[in-house]
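Here are the chains, one letter per residue:
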Amino acid sequence: SGESPTMSPYLHSLLAWLATPLTDRRIDESGLPPLIFSACNWYNDWKAPTIMELATRYPDSQVIVVGGLGRLASQEAHEAFGEGYDMGNRLTALGLSPHRLTAIGCRECAAVDGSNCGCVGTTGFNMDRLLDMVRAEAEQGERRLGGGRRLLVVEESLLVRRVFATMLGRLRGEAAAEFGA
């Protein structure tokens, strides 16, 4: 028919994140602060200063940290019931305002009752929770997280490809479901 299908605001925002190369110039020209995201794990000690550096550089940015309990999770993560909560504790101790921070861990996982986590804190869990947040916001018509914002991912080099491959796979599945492909 020549008409392109209509994309949901959620899918459009996520595809915009992935389709636009991230540079400081583009962030500044967009007029919107980037969203800072980290899939948390046993590298939290290394990531926290980098997240704080970005949060200082972009003082209007929201920070989302997500993580379950992987096999190498620290004692602090076990006590907090998730790597995301542990990172949230670290960031607030370093001075990040709780109003800018969303920490997600095992309690948000629909697969468990919050008392007996069997998850290993996988990249899939982390990406699914990020996408759940953006989807919920788009469905409510809010623009705090999506709305054309760039996504800054703080991740160790080993896992960068896994994070983006997982996100692309999740988006591909959603696009296929939305467009019947």
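Let me sum up the structure you'll find in this document. The structure presented is a predicted model; accordingly, all values stated were derived computationally and were not measured.

1. What about the overall build of the protein?
No. 1: Check the secondary structure of the protein and you find seven helices and four strands.
No. 2: Counting from the amino terminus, the protein carries its helices and strands in the arrangement α-α-β-α-β-α-α-β-α-β-α.
No. 3: Evaluated residue by residue, the protein yields a buried proportion of 46% over its 181 residues.
No. 4: Taking all contacts inside the protein whose residues are at least 6 apart in sequence as the whole, residues at least 24 apart take part in 73%.

2. Describing unusual backbone geometry
No. 1: Notably, phenylalanine 81 is not glycine yet its phi reads approximately 70°, a positive angle.
No. 2: Along the chain, the position of phenylalanine 81 falls in the loop between helix 4 (75-80) and helix 5 (83-93).
No. 3: The buried category is assigned to phenylalanine 81, whose relative accessible area is 16%.

3. What to know about the sheet that holds strand 4 (residues 151-153)
No. 1: Pairing within the open sheet is parallel, and its four strands lie in the order 3-2-1-4. Each having just a single partner strand, strand 3 (101-104) and strand 4 make up the two edges of the open sheet. The sheet shows a mean angle of 20° between the axes of neighbouring strands, taken without regard to direction.
No. 2: Of the strands in this sheet, strand 2 (63-66) and strand 3 touch helix 5, which is tilted by about 150° from strand 3.

4. Points about the pattern of salt bridges
No. 1: Using the criterion set out here, one finds five salt bridges in the structure.
No. 2: Across the salt bridge formed by arginine 90 and aspartate 86, the nearest N and O atoms sit 3.0 Å from each other. Highlighted residues: arginine 90 and aspartate 86, both in helix 5, separated by four residues, approximately one helical turn.
No. 3: Relative accessible area serves as the criterion here: at 4%, aspartate 86 is assigned to the buried category.
No. 4: Residues arginine 170 and aspartate 128 are paired through a salt bridge, measuring 2.5 Å at the closest nitrogen-oxygen approach. Residue arginine 170 is located in helix 7 (residues 157-179), and its partner aspartate 128 is located in helix 6 (residues 123-139); the two are separated by 42 residues in the primary sequence.
No. 5: You can call arginine 170 partly exposed: its relative accessible area is 31%.
No. 6: By relative accessible area, aspartate 128 is classed as partly exposed at 22%.
No. 7: One salt-bridge network, held together by shared partners, links Asp45, Asp86 and Arg90.

5. Quick look at the environment of leucine 94
No. 1: Within the secondary structure layout, leucine 94 lies in the loop between helix 5 and strand 3.
No. 2: Each residue touching leucine 94, except ones within four places of it in the same chain, is listed here: Ala48 and Met52.

6. Observations regarding helix 6
No. 1: Spanning 17 residues, helix 6 covers 24 Å between terminal C-alpha atoms, matching the ideal 24 Å at 1.5 Å per step.
No. 2: Where helix 6 is concerned, the buried positions are Thr123, Gly124, Phe125, Asn126, Met127, Arg129, Leu130, Leu131, Met133, Val134 and Glu137.

Rules used in this analysis
Residues numbered from 1 in each chain as written. Predicted model: local features only at pLDDT ≥ 70, side-chain atom pairs only at ≥ 80, totals over all residues. Heavy atoms only, no water. Helix = DSSP H or I, 4+ residues; strand = E, 2+ residues; numbered from the N terminus. Buried < 20%, exposed > 50% of the residue type's maximum accessible area, 1.4 Å probe, protein only. Contact = heavy atoms within 4.5 Å. Pairing = 2+ DSSP bridges. Axes fitted to C-alpha atoms, helices over the stretch in contact; angles between N-to-C directions. Salt bridge = Lys/Arg side-chain N within 4 Å of Asp/Glu carboxyl O. Expected span 1.5 Å × (residues − 1).

Nothing here speaks to function; it is geometry throughout.
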